[in-house]
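# A look at the structure
As a plain string of letters, each chain reads:
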There are 2 protein chains.
Amino acid sequence: MDKDATLLGRLEAIVGRQQVLTSDADTAPHLIDWRRYFQGRALAVVRPGTTAEVAAVVRACRDAGTPIVAQGGNTGHCGGSVPDASGTAIVLALTRLNRVRAIDVANATLTVEAGMTLAAVQEAAAGSGMYFPLSLAAEGSATIGGNIATNAGGTAVLRFGNARELVLGLEVVLADGQVWNGLRSLRKDNTGYDLKQLFIGAEGTLGIITAAVLKLFAPPRTQATAFAALPDPAAAVALLSRLKRALGDRLTGFELMAALPVALSRKAMPALPDPLPGHPWYALVQADDTAPDAPLPTVVEAALAAAIEAGEARDVAIAQSGEQAKALWTLRENIADAQRQEGPNIKHDISLPVSHIPAFIAEAETALRAAFPGVRFVTFGHLGDGNLHYNLSAPEGTPPKDFMTGTAAANRIVHDLVAAHGGSISAEHGIGQAKRDELLRYKDPLEIALMKSIKATLDPAGILNPGKILHRT
Amino acid sequence: MDKDATLLGRLEAIVGRQQVLTSDADTAPHLIDWRRYFQGRALAVVRPGTTAEVAAVVRACRDAGTPIVAQGGNTGHCGGSVPDASGTAIVLALTRLNRVRAIDVANATLTVEAGMTLAAVQEAAAGSGMYFPLSLAAEGSATIGGNIATNAGGTAVLRFGNARELVLGLEVVLADGQVWNGLRSLRKDNTGYDLKQLFIGAEGTLGIITAAVLKLFAPPRTQATAFAALPDPAAAVALLSRLKRALGDRLTGFELMAALPVALSRKAMPALPDPLPGHPWYALVQADDTAPDAPLPTVVEAALAAAIEAGEARDVAIAQSGEQAKALWTLRENIADAQRQEGPNIKHDISLPVSHIPAFIAEAETALRAAFPGVRFVTFGHLGDGNLHYNLSAPEGTPPKDFMTGTAAANRIVHDLVAAHGGSISAEHGIGQAKRDELLRYKDPLEIALMKSIKATLDPAGILNPGKILHRT
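Residue numbers restart at each chain and count upward from 1, following the sequence in its written direction. Whichever chain is written first is A, and whichever ligand is written first is 1; the rest continue in order. At least 70 in pLDDT is required for a residue's local features to be given in this predicted model, at least 80 for side-chain atom pairs to be given and counted, and no such filter applies to totals for whole chains, interfaces and linings, which use all residues. Note: side-chain values were computed over all heavy atoms of the structure, leaving out hydrogens and water.

### Digging into the confidence of the model for chain A
Any region with low pLDDT has predicted coordinates that should not be read closely. Rules: How sure the predictor is of each residue is captured by pLDDT, a score from 0 to 100.
For chain A, the mean per-residue pLDDT works out to 96, and 100% of the residues sit at or above 70. Prediction confidence for the complex, expressed as pTM and ipTM, is 0.97 and 0.97 respectively.

### Description of the layout of surface pockets
Rolled over the atoms, a probe as big as a water molecule pinpoints where empty space is left. Counted only if it meets this: A 1.4 Å probe that fits into a set of points on a 1 Å grid over the protein atoms alone but cannot get out defines a cavity; an open set with protein on both sides within 12 Å along at least five of seven lines defines a pocket, and lining residues are those with an atom within 4 Å of a point. Grid points are joined across faces, edges and corners, and a volume is the space filled by probe spheres set on the points. Runs of E in the DSSP output that reach at least two residues are strands. Runs of H or I that reach at least four are helices, and both are numbered from the N terminus.
Its boundaries defined by the atoms lining it, the second largest pocket holds a volume of some 590 Å³. A:Arg250, A:Pro295, B:Arg250, B:Ala294 and B:Pro295 are the residues nearest the centre of the second largest pocket, which is lined by 31 residues in total. At 5 residues, helix H10 (residues 296-309) of chain B tops the list of elements feeding residues into the lining of the second largest pocket.

### Quick word on the relation of the copies chain B and chain A
One copy of the chain maps onto the other through a rotation about an axis followed by a shift along the same axis. Stated precisely, the cut-off is as follows: We place the copies in one frame by least squares, fitting the C-alpha atoms of every residue whose pLDDT is at least 70 in both. By the convention used here, residues are in contact when the closest approach between their heavy atoms is within 4.5 Å.
Least-squares fitting of chain B to chain A yields an RMSD of 0.0 Å, with the transformation described by 0.0 Å of translation along the axis and a rotation of 180°. The operation mapping one copy onto its partner corresponds to a two-fold rotation axis. Most of the interface of chain B is mirrored in chain A, where 100% of its interface residues again form contacts.

### Quick look at the sheet that holds strand E12 (residues 281-289) of chain B
Residues and elements named next belong to chain B. We count it as follows: Strands were regarded as paired on the criterion that DSSP finds at least two bridges between them. Every axis corresponds to a line fitted to the C-alpha atoms, with the helix fit spanning only the stretch in contact, and the corresponding angles, defined between N-to-C directions, vary from 0 to 180 degrees.
Strands sit in the order E13-E10-E12-E11-E15-E16-E14 across an open sheet of 7 strands; the sheet is antiparallel. Two strands in the sheet have a free side with no partner beyond their single neighbour: strand E13 (315-318) and strand E14 (349-351). Averaged over neighbouring strand pairs, the angle between their axes works out to 20° when direction is ignored. Alignment of strand E11 (residues 251-258) against strand E15 (residues 376-382), held across 3 bridges, turns out to be antiparallel. Looking at E15, one finds that methionine 257 is bridged to phenylalanine 380. Running at roughly 170° to E11, helix H8 (residues 233-247) makes contact with strand E10 (222-230), E11 and E12 of the sheet. Sheet contacts for helix H11 (residues 322-333): E10, E11, E12, E13, E15 and strand E16 (387-393); angle to E10, the most-contacted strand, approximately 50°.

### Side note on the sheet that holds strand E8 (residues 179-182) of chain B
Residue and element names in this part refer to chain B. Pairing within the open sheet is antiparallel, and its 5 strands lie in the order E5-E6-E9-E7-E8. Of all strands in the sheet, those with a lone pairing partner are strand E5 (100-104) and E8, marking the two edges. Each adjacent strand pair in this sheet contributes to an overall mean axis angle of 10°, direction not counted. Relative to strand E9 (residues 208-215), strand E6 (residues 109-113) runs antiparallel, the two being bridged by 5 bridges. Along E9, the bridge assignment pairs threonine 111 with valine 213.

### Here we look at the environment of B:Ala409
Residues and elements named next belong to chain B. Quick note on the threshold: Think of it in three bands: residues with accessible area under 20% of the maximum for their type are buried, residues over 50% are exposed, and the middle band is partly exposed, with areas taken using a 1.4 Å probe on protein chains only.
With respect to the helices and strands, the residue alanine 409 is situated in helix H15 (residues 407-420). Relative accessible area serves as the criterion here: at 42%, alanine 409 is assigned to the partly exposed category. Along the backbone, alanine 409 and leucine 118 are 291 residues apart, and their C-alpha atoms lie at a distance of 36 Å.

### Description of the interface of chain B and chain A
For the record, the criterion: Accessible area that two parts lose when put together, with a 1.4 Å probe and added across both, is what the buried area reports. Any carboxyl oxygen of Asp or Glu that lies within 4 Å of a side-chain nitrogen of Lys or Arg is treated as forming a salt bridge with it. Only Asp, Glu, Lys and Arg are considered charged in this grouping, and only Ala, Val, Leu, Ile, Met, Phe, Trp, Tyr, Cys and Pro are considered nonpolar; every other residue, Gly among them, is considered polar.
Listed by partner, the interface residues are 89 residues for chain B and 89 residues for chain A. Buried surface at the junction of chain B and chain A, both sides included, amounts to about 6,600 Å², of which 53% is carbon and sulfur. Inspection of the region where chain B meets chain A yields 14 salt bridges. Among the ionic pairs, B:Asp194 bridges to A:Arg164, the shortest N-O distance being 3.3 Å. Counting only elements with at least two residues in the side of chain B that touches chain A, the list comes to helix H6 (157-160), E8, helix H7 (196-199), H8 and helix H17 (445-458) of chain B. Residues of the side of chain B that touches chain A, tallied by class, amount to 35 nonpolar, 32 polar and 22 charged.

Following this line, the structure appears as structure tokens:
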């Protein structure tokens, strides 16, 4: 019996025959990423149902020298959760680990297994009258384990931080198959190195997250949503500072949009509102309060009136109902789909110091217009976090496929400017396979060397998601 | 010339002769910890003025195989910042690295050198109309580098988190003398392993922090302070949940105090108020809002009135002026000094899931009364963070020195119960030298092994603060 057959037999003995998938039909959805950029192959897709089974699978793979690609909802944007084309790896699908292990309302914590979808985690919190704030477009499929392994961002970072800040404890299967139980539910714990930080955002390359203790919060019960027309990005930065002072932590969202993405969103979905036509830039402002009767709309209205006085905003519209608020958010959230309907486009998930965003936008537009005459800028993003989805569409009349040949050149212009402004070439989507080369270009070699030494320490045989973040060595 | 003399000459050439202290008078304050429990010796105290000098000092020590004990304000509670008694190490005093490198109000970030005092950092933020929330008793002497290296907690953790959550970027001198520039000022950056997390809370054992980028916030401009009399700790937990719902993030402090520590504080400082005499437990509640005219006192008052209705509080007093608020906080902050005036006492810096605190207090009192008849419980702490300063004073009439002989036995009772409740034996003070043995007792051996492997990776020669957190190997 060859080595692979021996391993498959051992895996079937661990998880049961029906949880080791090998047919093309069964494995196909696990072998290509959500954006359909990265097609891989695998020896099998293995679906353990418990942490003990995950550990046994890892030990079997360690013994066989077989790489393991941990996978949750497989909704990542950088190809981190699919195997390479060699067919030598197994995919370890974690979606059967989907139980709530504990909820502690008085401690405001929720202990969940890694394979629960983010939506199910949110529902478990809500079911106990609490609130888990992590939220992103793929939440119906994305798993909490994947969210943590990629340090997911989403729409509530301005107030609640990234996934990293929402995790109090982890359970992790290590590369040698040992289980580290770090499921602590403490706000303060200074007993040595904070090991969980190593696994958060490591994209499954240092260990396999099987469960987590999450922070919960009191749910928002009063909300205010506003739309503001702005003269330019500098005004948006000033307005953001003003609203932070007026609202403190009740400011939970501040989304910047240029006129073009708003127009594209409405073109794709004509029923959407057009509250303030004719301006070059817009901001969508969200405020939340945990008190049921807070005077939040009044505070938002007063702050925006003062912003108009100060020239930071040209006009504002405040949602008068939950439906109006929802329509404004749909206008924002529909942008990515609307742009996709226009054809392929060149995307960048970048972050910058908030103060540098106006200069970056000006410099990038000048450089890109010179390189790609007529290029259209679909600029939008979470300004409150300094995170822009800085996307480029083909000039009117240019076939999008022709435009896409300029991707590498456009990336170079954008990422060089990001680096010059002290920014990041991957704000929230991670590195995966997609940005390994860009990482080597922009990261200090000393930092790459430190990352490699950490990888070698925690996964000396290199079996955990090899070739992701860092190239294989 | 012997090895030590050669090293001292090299150090003098790097930092200048007057910055290499060797006389007893000059070095003495650097060789004993703030609580005067740990007296060490050193080859010299070296005071570099720049990061480049720190790096050169580290290279010289690496070449000589000489251990380096990094030291900020030397205010730690666990002996982490003083050398051992061998006299073989140098103390690297960082207080001359005390410059503000940059402040960016629009990005809400402040870049400072490690040797600035926490108070100076707070002032630098305030000078630009911003707010840095980390605050603790020793802030006039403690340095920001030490705060980060020990992941300091303090009085604002409930809302703002520990020091770890306030750091966006670090500059670190590594064990081989290379300088890692991780001074990023981004809210989102998913470009590989988050290396700064390794150095935060590592007590100078993995690298030497020389500068940091800190998060700033809009300053609080409306405040409300209240004092509540409570029937028992379970009522305190219920009141905390109620206030979180009413106030959200505007609840910035929730301090629990038993009647005895309040009485001791007033005995030591009789001018302090006694707002609600005759109850067994008290809570000090602090709320802050960034808006200048927020209806905060009204919201606090309504929530506390509802708490009385629900039986969670027996009586409440709301501060009617800034002076009254300050007096209530002094009542709380004076407890540690007041207890010290009564004689030595047995201290514990523990954390628990908030929901477990009532049961822990009941069980610990029963066990300790059995072991130490008449023992007095000076129980207080940051209930909002699950952090108790669980201190024990001698029975009336017992000389405190006799009582202190029971320290190890009392620690065993308290820490065993903490472990049984999923708590931490060091909530905010770290491990240093003081709790190395306790760490070995309570930490999973797998976690100790992981910590050792990280230490060996980043400091293979073992020259960075050896014997702190982990015993030398």
